[in-house]
Amino acid sequence: MKVRVRWTDHMSFVAETGSGHSVVMDGPPDHGGRNLAARPMEMILVGLGGCSAFDVVHTLNKARQPVKDCRVLLDAQRADSVPAVFTKVHLHFILSGPGLDPGRVKRAVELSVEKYCSVIMMLRESVDITYDYEVLADK
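Conventions and cut-offs
- Residues numbered from 1 in each chain as written.
- Predicted model: local features only at pLDDT ≥ 70, side-chain atom pairs only at ≥ 80, totals over all residues.
- Heavy atoms only, no water.
- Pairing = 2+ DSSP bridges.
- Helix = DSSP H or I, 4+ residues; strand = E, 2+ residues; numbered from the N terminus.
- Axes fitted to C-alpha atoms, helices over the stretch in contact; angles between N-to-C directions.
- Phe/Tyr/Trp six-rings, centres within 6.5 Å; stacked < 30°, edge-to-face > 60°.
- Lys NZ or Arg CZ within 6 Å of the ring centre and 35° of its normal.
- Contact = heavy atoms within 4.5 Å.
- Core = buried A, V, L, I, M, F, W, Y, C linked by side-chain atoms within 4.5 Å.
- Buried < 20%, exposed > 50% of the residue type's maximum accessible area, 1.4 Å probe, protein only.
- Polar contact = N/O pair within 3.5 Å; in protein donor to acceptor, adjacent residues only side chain to side chain.
- Salt bridge = Lys/Arg side-chain N within 4 Å of Asp/Glu carboxyl O.

A. Inspection of the sheet that holds strand β3 (residues 22–25) at higher detail. Taken in spatial order, the three strands line up as β1-β2-β3 in an open sheet, and their pairing is antiparallel. Taken across any chain shown, the strands that pair with only one partner, and hence form the sheet edges, are β1 (3–9) and β3. Going across the sheet, the axis of each strand differs from the next one's by a mean of 20 degrees, ignoring polarity. Judged from the four bridges that link them, strand β2 (residues 12–17) and β3 form a sheet pairing that is antiparallel. If you follow E16 over to β3, its bridge partner there is S22.

B. Looking closely at the packing of aromatic side chains. Counting across every chain of the model gives zero aromatic pairs. Lying over the aromatic face of F86, R78 brings its terminal NZ or CZ to 6.0 Å of the ring centre.

C. Representation of the environment of H92 within the structure. For H92, the position within the fold is in strand β5 (residues 86–96). Considering only alpha carbons, one finds H92 and E134, 42 residues apart in sequence, at a separation of 7.8 Å. Apart from residues lying up to four places away in sequence, H92 is in contact with R71, V72, L73, D132, Y133 and E134.

D. View of the nonpolar core. Ranked by size, the top nonpolar core spans 23 residues in total, and within it L48, V56, V89, L91, F93, L95 and I120 carry the most contacts. Looking at this core, the elements that each hand over two or more residues are α1 (40–62), β5, α2 (102–116) and α3 (118–123). If one sorts the elements of this core by residue count, α1 sits on top with six residues. If we skip the residues at most four places from it in the chain, F93 touches S52, A53, V56, R71, V72, V109, V113, Y131, D132, Y133 and E134.

E. Fine view of the side chain of H92. Judged by its relative accessible area of 18%, H92 falls in the buried class. A polar atom in the side chain of H92 sits 2.6 Å from the side chain of E134.

F. Here's a closer look at the sheet that holds strand β6 (residues 128–136). The strand order β4-β5-β6 describes an open sheet built from three strands, whose pairing is mixed. Edge strands, defined here as strands with exactly one partner in the open sheet, are β4 (69–78) and β6. Between one strand and the next, the sheet's axes are offset by a mean angle of 15 degrees, whatever the strand orientation. Pairing geometry for β5 and β6, over nine bridges, is parallel.

G. Looking closely at the pattern of salt bridges. One pass over the full model with this rule turns up six salt bridges. Note that E16 is salt-bridged to R6, the shortest N-O span being 3.6 Å. In this pair, E16 is assigned in strand β2 and R6 in strand β1, connecting sequence segments ten residues apart. A residue is classified by how much of its surface remains accessible, and E16, at 24% relative accessible area, is partly exposed. Taking relative accessible area as the criterion, R6 reaches 38% and is therefore assigned partly exposed. Across the pair D9 and R34 runs a salt bridge, and its minimum N-O distance is 2.7 Å. Residue D9 is located in strand β1, and its partner R34 is located in the loop between β3 and α1; the two are separated by 25 residues in the primary sequence. Connected through shared salt-bridge partners, R4, R6 and E16 make up one network.

Shape is all these values report; function is a separate question.
Structural data, given as structure tokens:
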């Protein structure tokens, strides 16, 4: 897997992925950025949320569960001093679907967070990662 990051101007950067996609990142104005895109640390949370959501939906689809919606809300805390690494991340999974089995959702979330999500596995040693989930009634 390869990614190329290129500085464009001010504190803006474009990442080009090996799969052919581009992502823009920018910094805050107080650091020379123009607030035009996500911050690099936000991108880590984006990857974490995407990785875990992918696992959960994939696991539920394999179990023939009728997933209609899957969302992950992430709340992270960072250290006060430089480097301002993540110290805590909480993931809140929200799923819905007609007849979705809460037990299967629980197991899918557990498998993602405790075994399959590569991003979580990389961060696990240095970041306190917690999670919960809810299954919404299908309307």
